[in-house]
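Structural overview
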Amino acid sequence: MQSRKDPLGQEYVLMPAGEYSVGSEKPGSHPNESPLRTVLLNTETWISIRPVMQSVWSEVCGNNPSRFCDGFEAGLRPVERVDWVDANDFGNRLSKFLDSIEGWHHDGIFRLPSEAEWEIAARAGTNTEWYSGDADKDIHEHVWNAGNSGGSSKMVSQKQANPWGIHDICGNVAEWCLDTWHDDYQGAPSDASAWLTGGEPSRRVHRGGSWFTESEATRSAARASAEVDRISDGIGLRLVWQAL
């Protein structure tokens, strides 16, 4: 996988262009995960291999809203207790911060992923319940959840990465997406862009499950949402960089 880094050490991998299946109609899937659909990713999109860490958020924003912020390892934990509004603005704040660094240039934008982009990255070419397979007994080498987290978020990159080298995209903390919440995928865009019309504008999607959710919520197709002003110690963010 092609990769790149920004001056804060955040690493991004290029998501291969092409057609991808998102959603699920497998037995036991939630109705909001259907219908299974094919989306086309045709823009140059890079996704960070780790969620935004507390150290990065603190450097850019000058504060740390996280609950789990004590100890020497806190900077390496995902930032959490960030509502959608602040998460959505973080890409702009990061761009301005990086633009102030001499010699750094980027012809693109940092932003939250669309829900489709997030699932494409989580699956990393797989079509199983988790990128590690279909059995929840096999996920603990890959995913932090209620069964193994010990009641808190964890430092990033301790679990095995998915096939694209992406860490913690399922479990640890859930991650805000751009999209307005819809009860299913009927009428969703076919180009992997964010679905911003209709639905419930005051609610936005977050994906991946977290340190306090059961394994079912950490599946690649599992969906959830929250009000835009909701803060939770189980919700953070991951960024994409999109070329212009």
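Residues numbered from 1 in each chain as written. Predicted model: local features only at pLDDT ≥ 70, side-chain atom pairs only at ≥ 80, totals over all residues. Heavy atoms only, no water.

**Remarks on the overall build of the protein chain**
Helices and strands together make up the secondary structure of the protein chain, namely 3 helices and 11 strands. Start at the N end of the protein chain and walk to the C end: the helices and strands fall as β-β-β-β-β-α-α-β-α-β-β-β-β-β. Taken against the 2.2 N^0.38 rule, which gives 18 Å for 244 residues, the C-alpha radius of gyration of the protein chain at 17 Å falls within 12% of a compact globule. Along the first, second and third principal axes, the C-alpha set of the protein chain runs to 50 × 40 × 35 Å. For the protein chain, with 244 residues in total, the buried portion stands at 55%. Within the protein chain, residue pairs in contact and separated by at least 24 positions form 71% of the contacts whose partners lie at least 6 positions apart. Summing over all exposed atoms, the protein chain offers an accessible surface of approximately 10,400 Å²; the carbon and sulfur share of this is 48%. Taking the average place of the 22 positive charges on the side chains of the protein chain and the average place of its 36 negative ones, the gap between the two points comes to 3 Å. (Helix = DSSP H or I, 4+ residues; strand = E, 2+ residues; numbered from the N terminus. Rg over C-alpha atoms; globule rule 2.2 N^0.38 Å. Buried < 20%, exposed > 50% of the residue type's maximum accessible area, 1.4 Å probe, protein only. Contact = heavy atoms within 4.5 Å. Areas by Shrake-Rupley, 256 points an atom, 1.4 Å probe, with all protein chains shown as cover. Lys, Arg positive; Asp, Glu negative; His and termini not counted. Charge placed at Lys NZ, Arg CZ, Asp CG, Glu CD.)

**Here we look at the nonpolar core**
Ranked by size, the top nonpolar core spans 30 residues in total, and within it Val-52, Trp-57, Phe-90, Leu-94, Leu-237 and Leu-239 carry the most contacts. Counting residues per element, the ones that place at least two in this core are β2 (11-14), α1 (54-61), α2 (84-99), β7 (174-181) and β11 (240-243). Sorting elements by how many residues they give to this core places α2 first, with 5 residues. In this view, Leu-94 contacts Asp-6, Leu-8, Gln-10, Tyr-12, Val-60, Phe-110 and Leu-239; residues no more than four positions away in its chain are not counted. (Core = buried A, V, L, I, M, F, W, Y, C linked by side-chain atoms within 4.5 Å.)

**Observations concerning the sheet that holds β7**
In space, the 4 strands of this open sheet follow the order β9-β8-β7-β10, with mixed pairing throughout. Every other strand in the sheet has two partners, leaving β9 (223-227) and β10 (235-236) as the edge strands with one partner each. Taken together, the 5 bridges between strand β8 (residues 200-207) and β9 define a ladder with antiparallel strand orientation. Across the sheet, residue Arg-203 finds its bridge partner in β9, namely Glu-227. Most of the contacts of α2 go to β7, to which it runs at about 95°, and overall it touches β7 and β8. (Pairing = 2+ DSSP bridges. Axes fitted to C-alpha atoms, helices over the stretch in contact; angles between N-to-C directions.)

**Some remarks on the pattern of salt bridges**
Working definition: two side chains of opposite charge can pair if their charged atoms are close together. In this structure the tally under the stated criterion is 14 salt bridges. For the salt bridge of Arg-223 with Glu-115, the shortest nitrogen-to-oxygen distance reads 2.6 Å. Separated by 108 residues along the polypeptide, Arg-223 in strand β9 and Glu-115 in helix α3 (residues 115-123) bring together distant segments of the chain. Judged by relative accessible area, which is 10%, Arg-223 ranks as buried. A salt bridge links Arg-219 to Glu-129; its shortest N-O distance comes to 3.3 Å. Taken as a pair, Arg-219 in the loop between β8 and β9 and Glu-129 in the loop between α3 and β7 lie far apart in primary sequence, 90 residues in all. (Salt bridge = Lys/Arg side-chain N within 4 Å of Asp/Glu carboxyl O.)

**Quick notes on the sheet that holds strand β5 (residues 45-48)**
Overall, antiparallel pairing links the 5 strands, which are arranged β1-β2-β5-β11-β6 in an open sheet. Strands at the two margins of the open sheet, each flanked by one partner only, are β1 (3-5) and β6 (108-111). Here the strands of the sheet are splayed against their neighbours by 25° on average, with no regard to which way each runs. In terms of strand pairing, β5 meets β11 through 3 bridges, oriented antiparallel. Within β11, the position partnered with Ile-47 by the bridge is Val-240. Here α2 sits on the sheet in contact with β2 and β6, set at roughly 135° to β6.

**Notes on the environment of Thr-126**
Relative to the assigned elements, Thr-126 resides in the loop between α3 and β7. Setting aside its immediate chain neighbours within four residues, Thr-126 contacts Tyr-131 and Pro-163. Side-chain polar atoms of Thr-126 contact the backbone oxygen of Arg-123, separated by 2.7 Å. (Polar contact = N/O pair within 3.5 Å; in protein donor to acceptor, adjacent residues only side chain to side chain.)

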